[in-house]
Amino acid sequence: MTDRDTPRTVPLLDLRPRALLVPGAAFLPESRIASSGRLIDTRGRPLRDLRISVTDRCNFRCNYCMPKEIFDKDYAYLPHQALLSFEEITRIAKIFVAHGVQKIRLTGGEPLLRKNVERLVEQLAALRTPQGQALDITLTTNGSLLARKARDLKAAGLQRVTVSLDGLDDAVFRSMNDVDFPVADVLAGIDAAQEAGLGPIKINMVVKRGTNEHEILPMARRFRGSGIVLRFIEYMDVGATNGWRMNEVLPSSEVVKLIHAELPLVQLEPSHPGETAARWGYADASGQYDKALGEIGVISSVTQAFCGDCNRARLSTEGKLFLCLFATQGYDLRSLIRMDASDADLASAIGHIWQGRDDRYSELRSALAPDAGPGGRRVEMSYIGG
Ligand code: SAM
Ligand code: SF4
Ligand code: SF4
């Protein structure tokens, strides 16, 4: 990562952000926030979902995420000592759970590139909510190493996986990952995940108009009735390197229309608050949702903002807390940890940060200049995790 790409950091110990500035406070705000299992931000949104990026590296170069021209051999990735250790991640995760987090997603970069990531899964799987419940632990992967790792991940306590797959046609897939990786190997990874019981599996397909929209129907046909939930994601303006243009976004409404014309769909209720995907079920001959045929999801991050119930926090590979996928600054929890902050200090810092949150970039997007984040250079998706 070059200096130019390094997102702004809010060091919690000295340059505290406005939300943390309390006159006279020497360290962190004097008012202490203890974990109560429920933290609410300024827009009434609870903290429920923590996404943890375990590496900023990846073996793919999807041009919408890590374009080759930027992420080349000279690109400065984080040095090993900058990364949070598994113990540090677990310690922070435990505090988030005490604040109300119920779901943890491991991501990256490519999370399966992080050495022994299954040890981290094991540690996270041992955490319990204040009510004594196990967490919902999942992982998003490009699937390239899944055939090798699925069984170990399951044994370590991972419940399910989301696999990214942008098409079934080998030539399209190879050109989208831009490292000539064959689609057959990812499909083998998905099979291995199914056999290992890492389900229900979700598949994420980023749709870029003019690049892979002709793969929508083959993907829908392939996964209908398979027990796998296929989700179509609108190509987003995350980061600052992918050269995003609105005319390459295919609105989810068009995806639904296209599939519905061949494979009739009915709209389904959200399964839980804060769900990113709108759900559509395949209909039977009488027009009713047929569970055996399953469902698809559409994530309309560009055309239909869903910030209103966004309950997701993101922890970067080097321990910065981000409150929005489109944030330009993170809060440096690693410094706190490495300066011997107590769990109560950490809990209070996280409490203040979340209580001060008012991010809603997608809702504001249309009012902003095309490549302007809210006040600075946006953080890359491969760094913060999806
Ligand atoms: N490497 C893993 C993978 O690809 O699944 C995990 C990290 S990746 C950043 C997480 C998700 O973000 C993937 O499903 C990917 O397709 C999605 N993603 C990355 N860049 C995107 C963009 N510009 N627009 C929409 N989705 C994007
Ligand atoms: Fe790697 Fe995932 Fe980004 Fe593709 S989307 S470059 S697989 S991190
Ligand atoms: Fe959440 Fe930010 Fe996405 Fe809105 S733009 S849904 S606040 S991550």
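Counting from 1, residues in each chain are numbered in the order their sequence is written. Note on labels: chains are lettered from A, ligands numbered from 1, in written order. Residue-level local features of this predicted model are given only where pLDDT is at least 70; pairs of side-chain atoms are given and counted only at 80 or more, and the full residue set underlies all totals for whole chains, interfaces and linings. Values reported for side chains reflect all heavy atoms of the structure, with hydrogen atoms and water molecules removed beforehand.

### Section: the overall build of the protein
Where we set the bar: Every helix listed is a DSSP run of H or I at least four residues long, and every strand listed is a run of E at least two residues long, numbered separately from the N terminus. Note on exposure labels: buried denotes an accessible area under 20% of the residue type's maximum, exposed denotes more than 50%, and partly exposed covers the range between, all computed with a 1.4 Å probe on protein chains only. Note on definitions: a residue-residue contact is assigned when non-hydrogen atoms from the two residues lie within 4.5 Å. For every accessible area listed, the method is Shrake-Rupley and the probe measures 1.4 Å; residues are considered covered only by the protein chains on display.
Summing up its helical and strand segments, the protein has 11 helices and 13 strands in all. Looking at the protein as a whole, 56% of its 386 residues qualify as buried. The long-range fraction of contacts in the protein, counting pairs at least 24 apart against all pairs at least 6 apart in sequence, stands at 72%. A total of about 16300 Å² of accessible surface is found on the protein, and carbon and sulfur atoms cover 51% of it.

### Details of the pattern of salt bridges
Two side chains of opposite charge can pair, provided their charged atoms sit close to one another. What counts is decided by this rule: We define a salt bridge as a side-chain nitrogen of Lys or Arg found within 4 Å of a carboxyl oxygen belonging to Asp or Glu.
For the structure on display, the rule yields 19 salt bridges. With a closest N to O distance of 2.7 Å, Glu 262 and Arg 221 form a salt bridge. Placement of Glu 262 in helix α7 (residues 252-262) and of Arg 221 in helix α6 (residues 216-223) is noted, with a sequence separation of 41 residues between them. The exposure class of Arg 221 is partly exposed, given its relative accessible area of 44%. Taken together, the salt bridges that share partners define one network made up of Asp 41, Arg 45 and Arg 357.

### Here we look at the packing of aromatic side chains
Quick note on the threshold: What counts as a ring pair is set by centres within 6.5 Å for rings of Phe, Tyr and Trp (its six-membered ring), and what kind of pair is set by the plane angle: stacked under 30 degrees, edge-to-face over 60, tilted for all other angles.
This structure, assessed with the given rule, holds five aromatic pairs. Judged by centre distance (4.5 Å) and plane angle (40 degrees), the rings of Phe 71 and Tyr 75 are tilted. Across the pair, Tyr 75 and Phe 71 agree in class, each one buried. Three or more aromatic residues joined by ring pairs form one cluster here, namely Phe 60, Phe 173 and Phe 181.

### Focus on the site of ligand 3
This is how it is decided: By convention in this text, a residue qualifies as near a molecule or strand provided that one of its non-hydrogen atoms is within 4 Å of it. When residues are grouped by polarity, Ala, Val, Leu, Ile, Met, Phe, Trp, Tyr, Cys and Pro land in nonpolar, Asp, Glu, Lys and Arg in charged, and all others, Gly among them, in polar.
What surrounds ligand 3 is a group of 13 residues, the closest being Cys 307, Cys 310, Cys 324, Leu 325 and Ser 362. Where the shell around ligand 3 is concerned, the elements lending two or more residues are β11 (312-315) and α10 (361-364). Among the residues forming the shell around ligand 3, the class breakdown is seven nonpolar, one polar and five charged.

### Quick notes on the site of ligand 2
Cys 58, Phe 60, Cys 62, Tyr 64, Cys 65, Met 66, Gly 109 and Asn 142 make up every residue found near ligand 2. A breakdown of the residues in the shell around ligand 2 according to their chemical character gives six nonpolar, two polar and no charged.

### Comments concerning the environment of Phe 181
One can find Phe 181 in the loop between α4 (170-177) and α5 (183-196). For the pair Phe 181 and Ser 144, spaced 37 residues apart in sequence, the C-alpha to C-alpha distance is 8.2 Å. In this view, Phe 181 contacts Phe 60, Ser 144, Phe 173, Arg 174 and Val 186; residues no more than four positions away in its chain are not counted.

### Points about the pairing of strand β5 (residues 160-164)
Condition: Strand pairing is defined by DSSP finding a minimum of two bridges between the two strands. We call a crossover right-handed when, viewed with both strands directed away from the observer, the connection leading from the first strand over the helix to the second proceeds clockwise.
For β5, the tally of buried residues reaches four of five residues, placing the bulk of the element in the interior. Bridge analysis of strand β4 (residues 136-141) against β5 gives four bridges, and the strand direction is parallel. Counterpart to Thr 138 in the pairing with β5 is Arg 160. A crossover links β4 with its parallel partner β5, the connecting element being helix α3 (residues 146-156), and its sense is right-handed.

### Here's the deal with helix α2 (residues 117-125)
Every α-helical turn comprises 3.6 residues, leaving residues that sit three or four positions apart pointing alike. Condition: The arc in question is formed by the directions pointing from the helix axis toward the C-beta atoms.
Here α2 has its buried residues at Val 117, Glu 118, Leu 120, Val 121 and Leu 124. Looking straight down α2, one finds its buried side chains confined to an arc of 150 degrees; they lie on one side. Each element contacted by the buried residues of α2 is listed here: α1 (86-98), β3 (103-107), β4 and α3.

### Some points on the confidence of the model for the protein
As a reminder of what qualifies: Values of pLDDT, ranging from 0 to 100, describe the predictor's confidence in every residue of the model.
Mean pLDDT over the protein works out to 89, with 89% of the residues at or above the 70 mark. A low-confidence stretch, residues 13-27 stays under pLDDT 50, and its non-local contacts, those more than four residues away or across chains, total 23 contacts. Here residues 371-375 is a poorly scored stretch, pLDDT under 50, and it has 10 contacts once near neighbours within four places are set aside; other chains count.

### A short note on α7
Taken together, the buried positions of α7 are Ser 252, Val 255, Val 256 and Ile 259. With its buried residues spanning 95 degrees around the axis, α7 presents them on a single face. Among the exposed residues of α7, those pointing more than 90 degrees away from its buried face are Ser 253, Lys 257 and Ala 261. Looking at the buried residues of α7, the elements they touch are α6, β7 (229-234), β8 (265-267), β9 (278-282) and β10 (295-299).

### Regarding the packing of α1 against helix α9 (residues 343-355)
The description of two helices packed together rests on the angle between their axes and the distance between the axes. As a reminder, the rule being used: Axis lines are fitted to C-alpha atoms, over the contacting stretch for helices. Their N-to-C directions set the angle, which ranges from 0 to 180 degrees. Roughly parallel means an angle under 35 degrees; roughly antiparallel, over 145; roughly perpendicular, 65 to 115; everything else is oblique. Less than a right angle of anticlockwise turn of the near helix away from the far helix marks a crossing as left-handed, whereas a clockwise turn marks it as right-handed.
Contact pair α1 / α9: the axes reach a minimum separation of 10 Å and the direction vectors enclose 60 degrees. When the axis of α1 is compared with that of α9, the two are oblique. As α1 packs across α9, the resulting crossing turns out to be right-handed. Facing Arg 91, Ile 95 and Phe 96 of α1, the residues of α9 in contact are Asp 343, Leu 346, Ala 347 and Ile 350. Of the residues assigned to the contact of α1 with α9, the class counts are five nonpolar, no polar and two charged.

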